[in-house]
Amino acid sequence: VSITSDGTVSAELINQADNEGNFSVQAGSERGQQFRYPDWLEMQNDSHVYELNGNYYQLSLAPLTSGTLTIGWIGFGYNIDQRLAAYYADITGLTTDFVVINNGVTTLAASSKGALGAAANLSENDLLTGILQGTQDENIMATVLSLGETAGQQLITVMYGDRTSLIAEIRSQGWSLFLLAALTLSLSLG
């Protein structure tokens, strides 16, 4: 996004997926309108959650200056979507969900489990609500991180997994780490 010195959105490009999952760059819908959050323009080095057409973006803004005069702002961000959830799940080995809470209603915005729909929201809602309230089953290990708030909606990352499968994974990886440490120690002594 590009914003002029008077707070007007002069350009907005979005990497959007079509129905077949192919991505293309498209113009955003807010070009020519006033930027919705003018107070963000004064905050340096902050990232914000920005909602646009039902999608959520982590957005960082930076001023464009000429000497000491600010002539506009440029914003860069990434889509908080299923691809990002899958990326985090690959790194951590935990199911990763992005959840929106609006007036106490929990909605699954993106999940590492795949496509969303009414069935996904219904099946995940009890588990996510339990995790968010700290009343989940003791066999579920979970962590919750708030990404921010926009337009009264809170965006949260929930990462969770089954305790027994996580412990088994740690034990299986433990031997690999032990062997690596033993090899490193023997090479160091040698």
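As shown above, the structure is provided for reference.
Only a predicted model underlies this, so the values are computations on that prediction, with no experimental measurement involved. (Residues numbered from 1 in each chain as written. Predicted model: local features only at pLDDT ≥ 70, side-chain atom pairs only at ≥ 80, totals over all residues. Heavy atoms only, no water.)

A word on helix H1 (residues 82–92)
Item 1. When we look at burial in H1, the residues that qualify are Leu84, Ala85 and Ala89. One side of H1 carries all its buried residues, which in axial view fall inside an arc of 140°. Facing away from the buried side of H1 by more than 90 degrees, the exposed set consists of Asp90 and Ile91.
Item 2. Buried residues along H1 sit against strand S7 (69–79), strand S8 (95–102) and strand S9 (105–111).
Item 3. Measuring from the side-chain oxygen of the N-cap residue of H1 to the backbone nitrogen of Arg83 gives 3.3 Å; that N-cap residue is Asp81. (Buried < 20%, exposed > 50% of the residue type's maximum accessible area, 1.4 Å probe, protein only. Helix = DSSP H or I, 4+ residues; strand = E, 2+ residues; numbered from the N terminus. Arc of directions from axis to C-beta. Contact = heavy atoms within 4.5 Å. Polar contact = N/O pair within 3.5 Å; in protein donor to acceptor, adjacent residues only side chain to side chain.)

Focus: the pairing of S7
Item 1. Relative to S7, strand S1 (residues 2–4) runs antiparallel, the two being bridged by three bridges. Bridging across to S7, Ile3 finds its partner in Trp73.
Item 2. Hairpin connection, strand S6 (residues 55–66) to S7: the antiparallel pair is bridged by two residues, and Gly67 has positive phi, about 70°. (Pairing = 2+ DSSP bridges.)

Quick notes on the nonpolar core
Item 1. In terms of nonpolar packing, the biggest core is built from 14 residues, with Ile3, Phe35, Trp40, Tyr50, Leu59 and Leu61 touching the most fellow members.
Item 2. Secondary-structure elements contributing two or more residues to this core are strand S5 (47–52) and S6.
Item 3. With three residues, S6 is the single largest residue contributor to this core.
Item 4. Non-local contacts of Trp40, meaning those with residues more than four positions away in its chain, are made with Phe35, His48, Val49, Tyr50, Leu59 and Leu61. (Core = buried A, V, L, I, M, F, W, Y, C linked by side-chain atoms within 4.5 Å.)

Here we look at a nonpolar patch on the surface
Item 1. A grouping of Tyr78, Tyr87, Tyr88 and Ile91 is seen on the molecular surface, where their side chains present a nonpolar patch of about 420 Å² in accessible area.
Item 2. For Tyr88, the position within the fold is in helix H1.
Item 3. For Tyr88, a relative accessible area of 31% puts it in the partly exposed group. (Patch = residues over 30% accessible without salt bridge, like charges linked within 9 Å, V, L, I, M, F, W, Y side chains within 5 Å. Areas by Shrake-Rupley, 256 points an atom, 1.4 Å probe, with all protein chains shown as cover. Salt bridge = Lys/Arg side-chain N within 4 Å of Asp/Glu carboxyl O.)

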